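# An overview of the molecular structure
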Amino acid sequence: MKIKLVGLLVIVFASIGFISCIDQENTIEAIFEKDLKAIEEYVATSNLVNVKEFNDPVLGIRVIWQELSNSGVKIARGDTISTDYTGRLLANDAIFDTSIEAVAVQNNIFSSQRRYVPLRFRTSSNSSPQVVISGFEYGLLQMERGDKATILIPSEYAYGNNPPQGIPQNAPLIFEVDLIEVKAGPQQ
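Definitions and limits used
Residues numbered from 1 in each chain as written. Predicted model: local features only at pLDDT ≥ 70, side-chain atom pairs only at ≥ 80, totals over all residues. Heavy atoms only, no water. Pairing = 2+ DSSP bridges. Helix = DSSP H or I, 4+ residues; strand = E, 2+ residues; numbered from the N terminus. Polar contact = N/O pair within 3.5 Å; in protein donor to acceptor, adjacent residues only side chain to side chain. Patch = residues over 30% accessible without salt bridge, like charges linked within 9 Å, V, L, I, M, F, W, Y side chains within 5 Å. Areas by Shrake-Rupley, 256 points an atom, 1.4 Å probe, with all protein chains shown as cover. Salt bridge = Lys/Arg side-chain N within 4 Å of Asp/Glu carboxyl O. Contact = heavy atoms within 4.5 Å. Phe/Tyr/Trp six-rings, centres within 6.5 Å; stacked < 30°, edge-to-face > 60°. Buried < 20%, exposed > 50% of the residue type's maximum accessible area, 1.4 Å probe, protein only. Lys NZ or Arg CZ within 6 Å of the ring centre and 35° of its normal. Core = buried A, V, L, I, M, F, W, Y, C linked by side-chain atoms within 4.5 Å.

### Re the pairing of strand β4 (residues 95–98)
As paired elements, strand β3 (residues 80–89) and β4 share three bridges and run antiparallel to each other. Paired with G87 across the strands is D97, a residue of β4.

### Observations regarding the environment of D79
Assignment of secondary structure puts D79 in the loop between β2 (62–67) and β3. In this structure the C-alpha to C-alpha distance between D79 and S125, which are 46 residues apart in sequence, comes to 8.8 Å. For D79, the side chain forms a polar contact with the main-chain nitrogen of A76, separated by 2.8 Å.

### Overview of a nonpolar patch on the surface
A contiguous nonpolar patch, built from V49, V51 and L68 and spanning about 240 Å² of accessible area, is present on the exposed surface. By secondary structure assignment, the location of V51 is in the loop between α2 (28–45) and β1 (52–55).

### Here we look at the side chain of T123
Within the fold, T123 resides in the loop between β5 (119–122) and α4 (134–140). A distance of 3.2 Å separates a polar atom in the side chain of T123 from the backbone oxygen of A76. In contact with T123, other than residues within four places in its own chain, are I75, A76, R77, G78, D79, I81, S128, E137 and L141.

### Remarks on the pattern of salt bridges
According to the stated counting rule, one finds eight salt bridges in the structure shown. Where salt bridges share partners, they join E40, E53 and R62 into one cluster.

### Concerning the packing of aromatic side chains
A complete count under the given rule lists seven aromatic pairs for this structure. A centroid spacing of 6.2 Å and a plane angle of 50 degrees characterise the contact between F54 and Y138, whose relative ring orientation is tilted. Placement of F54 in strand β1 and of Y138 in helix α4 is noted, with a sequence separation of 84 residues between them. Judged by relative accessible area, which is 24%, F54 ranks as partly exposed. Note on F121 and F136: the rings are 6.3 Å apart at their centroids and 35 degrees apart in plane angle, and the pair reads as tilted. Here F121 is found in strand β5, whereas its partner F136 is found in helix α4, with 15 residues between them in sequence. Neither residue differs from the other here; F121 and F136 are each classed as buried. In textbook terms, an aromatic cluster arises when at least three aromatic residues are bridged by ring pairs, as seen for Y85, F96, F121, F136 and F175. Note that K52 overlies the ring of W65, its terminal NZ or CZ placed 4.5 Å from the centroid.

### A word on unusual backbone geometry
You will see that N70, though not glycine, has its phi angle at about 55 degrees, which is positive. Positionally, N70 belongs in the loop between β2 and β3. A residue is classified by how much of its surface remains accessible, and N70, at 66% relative accessible area, is exposed. In this model, N108 sits at a positive phi of 55 degrees, which is unusual for a non-glycine residue. Within the element layout of this structure, N108 appears in the loop between α3 (101–106) and β5.

### Re the nonpolar core
The biggest cluster of nonpolar side chains holds 28 residues, and the ones touching the most others in it are F136, L140, F175 and V177. Elements represented by at least two residues in this core include exactly β2, β3, α4, β6 (148–153) and β7 (173–183). Among the elements that line this core, the one with the most residues is β7, at five residues. Once residues lying within four places of it in the same chain are set aside, the contact partners of F136 are T83, Y85, L119, F121, I151, I153, F175 and V177. Core analysis: the next-biggest nonpolar cluster, separate from the first, contains seven residues, I39, V43, L90 and I174 among them.

Just geometry here; none of it tells us what the structure is for.
Shown next as structure tokens:
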């Protein structure tokens, strides 16, 4: 009986010790809340042209349109789309990637090894996996062909704690996008 009680106490104290070692500022929830606050501050202080806005309160992803095409051509899961884009860090507005050669040159990120053309990809569906970060695809899915918008993405729906070189861990991102083409894919 004493051995069971001692064993139980050891487990309880070890659990308390483990829990107290968790950095409360770096939990997924805490990072998400910081990202939401940073996005809100960015929107409040930026001079983004805003002709329409979409805000998903659960995911924290925001889309702010600069131009509406009113084409009526919406994206469905499985469609293939083409978009020009410029990716920025929310923290300092630094450009980390773009499909536009002039923007790459102007921001000292040009690579002669790369073709600067609109990004073309098939949106995820039951039969095709996701090929871009989830927040980027989700933002584009809110748009119509010909729209130009800015997508603001919390880090959880960007690269999170496993980013590519040049992007800090848990960095919320901004993408300026121009949805050029939508080609219907297989019906889901």
